[in-house]
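This is what each chain is made of:
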Amino acid sequence: MILVTGGAGFIGSNFVLQWLAKGDEPVVNLDKLTYAGNLRNLDSLRGDARHIFVKGDIDDPKLVAQLLREHQPRALVNFAAESHVDRSILGPAEFVRTNIHGSFNLLEAARAYWDGLAGEAKSGFRFLQVSTDEVYGSLAATDAPFRETTAYAPNSPYAASKAAADHMVRAYHHTYGLPTLTTNCSNNYGPFQFPEKLIPLVILNALAGKPIPVYGDGKNVRDWLYVDDHCSGIRRVLEAGRPGEVYNIGGNSEKANIEVVQTLCAVLGELRPAAKPYASLISYVKDRPGHDRRYAIDAGKIRGELGWQPAENFAGGMRKTVEWYLANAEWTRQVSSGEYQQWMNANYEARGAAA
Ligand code: NAD
Ligand code: DAU
């Protein structure tokens with residue numbers, strides 16, 4: 001069995017669903033159910049004995065130690081995090097607590113557990129930290145993509161908190177020999193993404209006839225990866241990655257934000273025609289402070305060493321994503337109420353955009 005943290009969030013829930021679709025190894029899923037965690041993502045697993053959900057905090061030493069003792073997992077995959085850059089700018093404290101201290105707590109608990117293992121259980125154990133390309137900082141237009149050897153230069157409180165955790169993971173391997181793996185992935189999109197992030201936010205605002213906020217000049221570049229591909233990359237690293245190593249995961253799909261937004265408007269126009277073109281809702285707003293200009297991933301290591309490649313391309317992934325949001329209006333209605341409205345007001349009023 002494996003222990004997954006943050007498995008009720010966007011990528012974590014896609015991972016749990018993919019894991020149990022591809023095999024029968026049970027998953028213990030530890031998630032605090034913050035605003036970003038949603039058990040509805042895992043509705044299809046109701047009554048499935050292979051999925052054990054535990055509501056709790058990765059920063060709770062007793063709980064994590066107890067779960068490791070009780071379930072004896074062969075791996076721990078840490079997705080749990082505060083994940084939104086804009087939230088980290090408005091309130092960084094929770095990012096320090098969960099992303100840094102929570103990861104530290106998992107490492108400490110895993111170290112104690114692993115110390116007590118023997119034989120194959122010990123040599124086979126893995127601690128996989130799910131990290132981000134944002135730890136590498138910002139690229140200029142002509143810079144080479146990030147490699148695993150690129151120096152860390154995090155620019156937002158979110159990126160800095162993820163970088164700090166990555167350093168602790170590295171140190172636990174180097175100092176204590178804990179068999180760690182780290183993946184640094186580019187921007188994900190797909191089903192179950194909370195609508196604070198660009199792609200679902202554009203889809204929902206467009207459908208509601210609200211302004212589509214584009215930060216700055218809209219020319220910041222991200223490398224987009226369909227979430228199922230990120231999950232398959234993590235499974236592959238868990239299966240065959242070398243302990244202590246870092247693997248970059250990317251979609252080979254660099255796009256300027258405005259291109260992403262225009263693509264979404266065009267796909268929506270085809271699938272849900274409206275009186276006015278959706279693109280007429282695009283509204284340029286005040287930029288994100290410290291906004292990284294460009295991210296790009298060189299995924300040569302995971303491709304060469306582990307034979308992993310994305311299965312989905314940008315056009316196909318975008319269409320699937322729009323189709324999913326159109327087919328799951330109840331999910332989006334549920335997550336868009338309450339806390340989400342407060343967030344939209346807090347983030348967008350200050351930018352001069354209607355929330
Ligand atoms: P998300 O915000 O959608 O989900 C995070 C999950 O973690 C939620 O279910 C939340 O309830 C849970 N959580 C938060 N704090 C917790 C705590 N203290 N204890 C237990 N659970 C807690 O995030 P996501 O987009 O699914 O990202 C998952 C991981 O992947 C994060 O570590 C993120 O840094 C990383 N990542 C994300 C992307 C992306 O594009 N979304 C890209 C690369 C890496
Ligand atoms: O690169 C990986 C990272 O991708 C992950 O580590 C983060 O968890 C994830 O949130 C994502 O970070 P970004 O900041 O790149 O994602 P976001 O969806 O917030 O923004 C994508 C781009 O779109 C970014 O350049 C900012 C811009 N943007 C975002 C929002 C929410 C807008 O122009 N308007 C918006 O309203």
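Bear in mind the structure is a predicted one, so any value in this text is a computation, not a measurement.

A.B. asks: Looking at this model, I keep getting lost on the overall build of the chain. Mind explaining?
C.D. replies: Looking only at helices and strands, the chain features 13 helices and 12 strands. For 355 residues, the compact-globule estimate of 2.2 N^0.38 gives 20 Å, and the chain sits close to it at 20 Å. With the principal axes as the frame, the chain shows a C-alpha extent of 65 × 50 × 40 Å. Taken over 355 residues, the chain has a buried fraction of 54%. Counting contacts in the chain only where the partners sit at least 6 residues apart, residues at least 24 apart contribute 82% of the total. When the accessible surface of the chain is split by element, carbon and sulfur atoms take 52% of a total near 14,500 Å².

A.B. asks: How do you make sense of the sheet that holds strand β11 (residues 254–256) when you look at a structure like this?
C.D. replies: Sheet strands pair by backbone hydrogen bonding; their relative direction is either parallel or antiparallel. With mixed pairing, 3 strands are arranged side by side in an open sheet as β7-β9-β11. In the strand order of this sheet, the two ends are held by β7 (187–189) and β11, each with one partner. Each strand axis lies, on average, 50° off the axis of its neighbour in the sheet, ignoring direction. Bridge count between β7 and strand β9 (residues 221–226): 3 bridges; the pairing is parallel. In the strand pairing of β9, tyrosine 189 is matched with tyrosine 226. Against the sheet, helix α9 (residues 257–271) engages β9 and β11, with an angle of about 85° to β11.

A.B. asks: What exactly am I supposed to notice about the nonpolar core here?
C.D. replies: One recurring pattern in soluble globular proteins is that nonpolar side chains are buried together. Core analysis: the biggest nonpolar cluster contains 39 residues, and Ile199, Ile203 and Leu264 have the highest contact counts within it. Breaking this core down by element, the ones donating at least two residues are α7 (198–207), β8 (212–215), β9, α9, β12 (282–285), α11 (314–327), α12 (329–335) and α13 (339–349). A total of 7 residues in this core trace back to one element, the largest contributor, which is α9. Contact partners of isoleucine 199, with chain neighbours within four places excluded, come to Tyr189, Trp224, Val260, Leu264, Met318 and Thr321. Counting residues in each nonpolar core, the second largest holds 32 residues, with Ile2, Leu128, Val130 and Ala299 among its members.

A.B. asks: Sorry if this is basic, but what is going on with the sheet that holds strand β5 (residues 126–132) here?
C.D. replies: A sheet is described by the order of its strands in space; here 7 strands give the open sequence β3-β2-β1-β4-β5-β6-β10, paired in parallel fashion. Of all strands in the sheet, those with a lone pairing partner are β3 (51–55) and β10 (246–249), marking the two edges. In this sheet, adjacent strand axes meet at a mean angle of 20° when their direction is disregarded. Two strands pair when backbone bridges link them, and strand β2 (residues 27–31) and β3 are joined in this way by 5 bridges, in the parallel orientation. If you follow asparagine 29 over to β3, its bridge partner there is phenylalanine 53. Those strands touched by helix α4 (residues 93–115) are β1 (2–5), β4 (75–78) and β5, and its axis lies near 165° from that of β5. Along the sheet, helix α6 (residues 157–176) makes contact with β5 and β6 (180–185), crossing β5 at roughly 155°.

A.B. asks: Mind showing me how you'd approach the site of ligand 2 here?
C.D. replies: Neighbouring ligand 2 are 25 residues; Asp133, Tyr158, Arg288, His291 and Tyr348 lie closest to it. Interatomic distance of 2.6 Å between a side-chain N/O atom of arginine 288 and an oxygen atom of ligand 2. Between an oxygen atom of ligand 2 and a side-chain N or O atom of tyrosine 348, the distance comes to 2.6 Å. Protein chains shield 95% of the accessible area of ligand 2, which is 690 Å² for the free molecule. At the level of elements, α3 (85–90), α7 and β8 are the ones that each hand at least two residues to the shell around ligand 2. At 3 residues, the largest contribution of residues to the shell around ligand 2 is made by β8. Class assignment for the residues of the shell around ligand 2 results in 10 nonpolar, 8 polar and 7 charged.

A.B. asks: Explain the environment of lysine 286 here, please?
C.D. replies: Examined against the element boundaries, lysine 286 turns out to sit in the loop between β12 and α10 (300–306). Classification of lysine 286 as exposed rests on a relative accessible area of 56%. Expressed as a C-alpha distance, the spacing of lysine 286 and glycine 352, which sit 66 residues apart in the sequence, is 7.0 Å. Leave out the neighbours within four places in its chain, and lysine 286 touches Tyr215, Gly216, Ala350 and Arg351.

A.B. asks: Help me out: how do you make sense of the pattern of salt bridges in this one?
C.D. replies: Should the charged atoms of two oppositely charged side chains come close, the side chains can pair. As enumerated under the stated definition, the model contains 27 salt bridges in all. Among the salt bridges present, the one from glutamate 312 reaches lysine 320, with a minimum N-O distance of 2.7 Å. Among the charged side chains, a salt-bridge network with shared partners connects Lys32, Asp57, Asp59, Glu94 and Arg97.

A.B. asks: What am I meant to see in the pairing of β1 here?
C.D. replies: Put simply, side chains in a regular strand alternate between the two faces of the sheet. What you see with β1 is no split at all: Ile2 and Val4 on one side and Leu3 and Thr5 on the other are buried throughout. Pairing between β1 and β2: 4 bridges, direction parallel. Bridge pairing in β2 places leucine 3 opposite valine 28. Crossover handedness for the path β1 to helix α1 (residues 10–22) to β2: right-handed. Relative to β4, β1 is paired through 4 bridges, and the arrangement is parallel. Its bridge partner lying in β4, leucine 3 is registered against leucine 76.

A.B. asks: I keep staring at α6 and nothing clicks. Help me out?
C.D. replies: Given 3.6 residues per turn, any residue in an α-helix points the same way as the ones three and four places further on. When the terminal C-alpha atoms of α6 are compared, their 28 Å separation across 20 residues agrees well with the 28 Å that a helix rising 1.5 Å per residue should span. Within α6, burial applies to Tyr158, Ala159, Ser161, Lys162, Ala163, Ala165, Asp166, Val169 and Tyr172. On its buried side, α6 packs onto α3, α4, β5 and β6. Residue glycine 177 follows α6 closely and has a positive phi angle near 80°.

Criteria and cut-off values
Residue numbering note: each chain is counted from 1, following its sequence as written. Each chain takes a letter, starting from A, and each ligand takes a number, starting from 1, following the order in which they are written. Only residues with pLDDT of at least 70 get local features here, since the model is predicted, and only at 80 or more are side-chain atom pairs given and counted; chain-wide, interface and lining totals rely on the full set of residues. Computation of side-chain values covers all heavy atoms of the structure but excludes hydrogens and water. Secondary structure elements follow DSSP: runs of H or I no shorter than four residues count as helices, runs of E no shorter than two count as strands, and numbering proceeds from the N terminus. Every radius of gyration here is taken over C-alpha atoms, with the globule rule written as 2.2 Å times N^0.38, N being the number of residues. Here the term buried applies to any residue with accessible area under 20% of the maximum for its type, exposed to any over 50%, and partly exposed to those in between, with areas from a 1.4 Å probe on protein chains only. Only heavy atoms matter for contacts: two residues are in contact if any of them lie within 4.5 Å across the pair. Method for areas: the Shrake-Rupley scheme with a 1.4 Å probe, in which residue coverage is limited to the protein chains shown. Strand pairing is assigned whenever DSSP detects at least two bridges linking the two strands. Here the axes come from fitting lines to C-alpha atoms, over the contacting stretch only for helices, and the angles between their N-to-C directions go from 0 to 180 degrees. Here, the term nonpolar core denotes a set of buried Ala, Val, Leu, Ile, Met, Phe, Trp, Tyr and Cys residues that are joined through side-chain atoms within 4.5 Å. Throughout this document, a residue counts as near a molecule or strand when at least one of its heavy atoms sits within 4 Å of that molecule or strand. Here a polar contact is taken to be a pair of N or O atoms separated by no more than 3.5 Å, where protein atoms must pair a possible hydrogen donor with a possible acceptor and residues adjacent in sequence count only if both atoms sit in side chains. Under the grouping applied here, Gly and all other residues not named as nonpolar or charged are polar, the nonpolar ones being Ala, Val, Leu, Ile, Met, Phe, Trp, Tyr, Cys and Pro and the charged ones Asp, Glu, Lys and Arg. Basic side-chain nitrogens of Lys or Arg form a salt bridge, by our definition, when they fall within 4 Å of a carboxyl oxygen of Asp or Glu. Note on handedness: a crossover is taken as right-handed if, strands pointing away from the viewer, the path from the first strand over the helix to the second is clockwise. Any helix carries an expected span of 1.5 Å times its number of residues minus one.

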